[in-house]
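One-letter residues, chain by chain:
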Amino acid sequence: MGPIMHTGRMGGPAARGASAPRDPCGLRDPRGLRDPRGLRGDAPLLDAWLKFTEQAHAGSLTLMSVPGHKQRLDLSGAVVAGDVPLYGGLDTIKHADALLAQAQRRAAALWGADWCRFSVAGSTHGNQALALAVGAPGDEVVVTRMLHRSLLAGLVLAGLRPVWVRPEVDPRSGMPTAVAVDTVRAALAAHPNARAVFLGDPSYAGAVGDLAGHAAAAHDAGVPLIVDAAWAAHFGFHPDLPLHALAAGADAMVTSAHKALPAHTQAALVLARTGRLDPSRLDRAFEATNTTSPAGTIMASIDAARALLARDGRDLSARLLRVVAAAKDRLQAVPGLGVLDGPWVEPTKLVVLLAGTGAHGHAVEADLIETGMPVEMADRDTVVPIMTLADDEATVSRFTTALIAAVERHRSAPRRPAPSVAWTVTPRPACSPREAFFAPHETVKADAAPGRVSAEIIAPYPPGVPVLAPGEIVTGDLLDGLRAVLAHGGRVAYAADPTLATIHVLRS
């Protein structure tokens, strides 16, 4: 067998066979898609990625560093096309931090922060870093019960004890609204030694709260307000959108650049004002859970999305607002069909309410998947597609037409919406999440679990909001709610036994 030929380009001769993509990264770029809006002049990481991949395609690199694919496509294929590391890729191992700092300073300026970090592990990493940045093991923090699982893991890592605050549930739709400011004030008054307030805004279902009021409540108590704004990277860039969390007075926020913005999967930003947060502690907390091999491609996409938002955010947000409003108008004209709407719902979120049509969300979702239009979430009464800055009139109109057709195919007798157990749970903590995580545990039959203390996270997914967290008492009502999720065709996530025949509990 002869040697494998390699020219040093993104794809050697073997990669350019009949079955291989000829130009998977768009390096020949006949339509100008490598930098279609000319962002590289304002995006140093994007500029570095473009230069590196241009050199690789030209055959001017003989790489003696990771990643192991060495930019070859004739081994594992096009799946690695465009994968460039930060260190030894976007810049030398010695100097890449300076290049990254340039990009992070531009993001901090755009959001009005004085501390910013790019994460290649999504808002999950950001939530855990911010949990590590406040308090000490055993300290209390006020936390929304609509938290993402990642923040619960952050509480375990940091050893913080949650003081849960819950939103009200909208009776018309069965969906959660925002946590009230008075609820947070009451929690802080009852727990005067709490070290921070953690809220999710907007919620998974698009509920927006009074962040300025929450910031005032937290600051009156002498603690920072920290916001999981994973779904809100576009907030603040159009007058018809809510202010972003920092502009509303929060001290720190994490947001996903890969949700509302056109960035690579896993791309996120963590931003803070350091008047109430120690910047050196923020640095240590971020690096404690950060990878030492960050993907330069993901970071370059954050930089590109930031530059796009800075220049074109208002116009793109205006289009998004327009197309979502048009979709809501069409859907509300269908008998029995509703959408979540009102002053407490962020205007670019589309939450479709099915109960009045009798159609089952999982059946509607299956039809949409068959049509090539998968959605973010579906349960019995709800379908949630995600509209972003990438959507235009054509894509949203096609989706709306397909959705209406699917609803009509599955129309049945109207029913009352049944709120998910994720929105109505009343937690009964017995010990902290960290204590439960490290305590000895055992597996018991689910019917024997009520009254025992859960050793695991159990959540319907989506949305992934925990119904049971480590350290909380299992109740029969919670088990009934979780079993109803399974009976309606849903999935129970994170549990060791997703069928719920058994549950892990603390050993007696």
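Note that the structure is a prediction, hence the values are computed from the model and not measured. (Residues numbered from 1 in each chain as written. Predicted model: local features only at pLDDT ≥ 70, side-chain atom pairs only at ≥ 80, totals over all residues. Heavy atoms only, no water.)

Peer 1: Hey, could you run me through the overall build of the protein chain in this one?
Peer 2: A tally of helices and strands in the protein chain yields 13 helices and 15 strands. For 508 residues, the compact-globule formula gives about 23 Å, and the C-alpha radius of gyration of the protein chain, at 24 Å, lands near that figure. Here the C-alpha coordinates of the protein chain stretch approximately 65 × 55 × 55 Å along the principal axes. Here the protein chain, with 508 residues, has 55% of them falling under the buried criterion. Long-range contacts, defined here as pairs at least 24 residues apart, represent 70% of the contacts in the protein chain between residues at least 6 apart. Across the protein chain, the centroid of the 48 positively charged side chains sits 4 Å from that of the 49 negatively charged ones. (Helix = DSSP H or I, 4+ residues; strand = E, 2+ residues; numbered from the N terminus. Rg over C-alpha atoms; globule rule 2.2 N^0.38 Å. Buried < 20%, exposed > 50% of the residue type's maximum accessible area, 1.4 Å probe, protein only. Contact = heavy atoms within 4.5 Å. Lys, Arg positive; Asp, Glu negative; His and termini not counted. Charge placed at Lys NZ, Arg CZ, Asp CG, Glu CD.)

Peer 1: Looking at this structure, I do not really get helix H5 (residues 181–190). What am I missing?
Peer 2: An α-helical turn contains 3.6 residues, so a residue and the one three or four places further along point in the same direction. Among all positions in H5, only Val181, Val184, Ala187 and Leu188 are buried. Seen end-on, H5 carries its buried residues on one side only, within an arc spanning 125 degrees. The exposed residues of H5 that point more than 90 degrees off its buried face are Asp182, Ala189 and Ala190. Contact partners of the buried residues in H5: strand S2 (140–144), strand S3 (161–165), strand S4 (197–200) and helix H6 (211–220). (Arc of directions from axis to C-beta.)

Peer 1: Help me understand the pairing of strand S7 (residues 268–272), please; the structure alone is not making it clear to me.
Peer 2: Strand residues, when the strand is regular, have side chains that alternate between the two faces of the sheet. Buried residues dominate S7, accounting for five of its five residues. Burial of S7 is two-sided: the residues Ala268, Val270 and Ala272 facing one way and the residues Leu269 and Leu271 facing the other way are all buried. Pairing analysis gives five bridges linking strand S6 (residues 252–256) to S7, with the strands arranged antiparallel. Paired with Thr255 across the two strands is Leu269, which belongs to S7. (Pairing = 2+ DSSP bridges.)

Peer 1: In this structure, what is going on with the nonpolar core? I would like to understand it.
Peer 2: Side chains of nonpolar character tend, in soluble globular proteins, to be buried together. Counting 95 residues, the largest nonpolar core has Leu45, Phe118, Val197, Leu269 and Val364 as the members making the most contacts within it. Residue contributions to this core peak at 15 residues, all from helix H8 (residues 296–332). Setting aside residues up to four positions removed in sequence, Val197 forms contacts with Val142, Val184, Leu188, Ala218, Val223, Pro224, Leu225 and Ile226. By size, the runner-up hydrophobic cluster in this structure holds 35 residues, among which are Trp231, Trp344, Leu353 and Leu478. (Core = buried A, V, L, I, M, F, W, Y, C linked by side-chain atoms within 4.5 Å.)

Peer 1: Help me understand the side chain of His125 in this model?
Peer 2: Position of His125 relative to the elements: it lies in helix H3 (residues 122–132). Those residues in contact with His125 that sit more than four places away from it in its chain are Ser119, Phe286, Thr289 and Asn290.

Peer 1: Please clarify how the sheet that holds S4 should be interpreted in this entry.
Peer 2: Hydrogen bonding along the main chain pairs the strands of a sheet, whether they run parallel or antiparallel. Sheet architecture is open: seven strands sit in the order S1-S7-S6-S5-S4-S2-S3, paired in mixed fashion. With one partner strand each, in any of the chains shown, strand S1 (115–119) and S3 form the two edges of the open sheet. The sheet shows a mean angle of 20 degrees between the axes of neighbouring strands, direction not considered. As paired strands, S2 and S3 are joined by five bridges and run parallel to one another. Bridge pairing links Val142 to Val163 in S3. Of the strands in this sheet, S1 and S7 touch helix H7 (residues 279–288), which is tilted by about 5 degrees from S1. (Axes fitted to C-alpha atoms, helices over the stretch in contact; angles between N-to-C directions.)

Peer 1: Which parts of the structure should I look at to understand the packing of helix H2 (residues 96–111) against H8?
Peer 2: Helix packing for two helices is described by the angle between their axes and how far apart those axes are. Running from N to C, H2 and H8 cross one another at 35 degrees; their axes reach a closest spacing of 10 Å. Crossing geometry of H2 relative to H8 is assigned as left-handed. Across from Leu100, Ala103, Arg106, Ala107, Leu110 and Trp111 in H2, the residues of H8 making contact are Met299, Asp303, Arg306, Leu309 and Ala310. Of the residues contributing to the contact of H2 with H8, the split by class is eight nonpolar, no polar and three charged. (Left-handed = near helix turned anticlockwise from the far one by under 90°. Nonpolar A, V, L, I, M, F, W, Y, C, P; charged D, E, K, R; others polar.)

Peer 1: For this particular structure, what's the right way to read the packing of helix H1 (residues 44–58) against H8?
Peer 2: Two numbers describe how H1 lies on H8: the axes approach to 7 Å, and their chain directions differ by 130 degrees. In terms of orientation, H1 lies oblique with respect to H8. Where H1 crosses over H8, the handedness of that crossing is left-handed. Counted together, Pro44, Leu45, Leu46 and Trp49 of H1 and Thr297, Met299, Ala300, Asp303, Ala304 and Arg306 of H8 form the full contact between these two elements. A breakdown of the residues in the contact of H1 with H8 according to their chemical character gives seven nonpolar, one polar and two charged. (Parallel < 35°, antiparallel > 145°, perpendicular 65-115°, else oblique.)

Peer 1: What should I look at first to understand the side chain of His362 in this one?
Peer 2: For His362, the location among the structural elements is in helix H9 (residues 361–370). Residues within four places of His362 in sequence aside, it is in contact with Ala378, Asp379, Arg380, His488, Gly489 and Gly490.

Peer 1: Honestly, the environment of Ala366 in this entry has me stumped. Any pointers?
Peer 2: Note that Ala366 resides in helix H9. In sequence terms Ala366 and Ala378 are 12 residues apart; their C-alpha atoms lie 9.6 Å from each other.

Peer 1: What's the story with unusual backbone geometry in this structure? I'm lost.
Peer 2: As a rule of thumb, non-glycine residues mostly have phi less than zero, and peptide bonds are mostly trans rather than cis. Following Val66, the chain continues into Pro67 via a peptide bond in cis, with omega recorded as 5 degrees. One can find Pro67 in the loop between H1 and H2. Look at the link from Asp201 to Pro202: it is a cis peptide, with omega at 0 degrees. Along the chain, Pro202 falls in the loop between S4 and H6. Residues other than glycine seldom take positive phi values, yet Gln71 does so here, at roughly 70 degrees. Assignment of secondary structure puts Gln71 in the loop between H1 and H2. On the accessibility criterion, Gln71 (2% relative accessible area) is buried. In this model, Gln266 sits at a positive phi of 85 degrees, which is unusual for a non-glycine residue. One can find Gln266 in the loop between S6 and S7.

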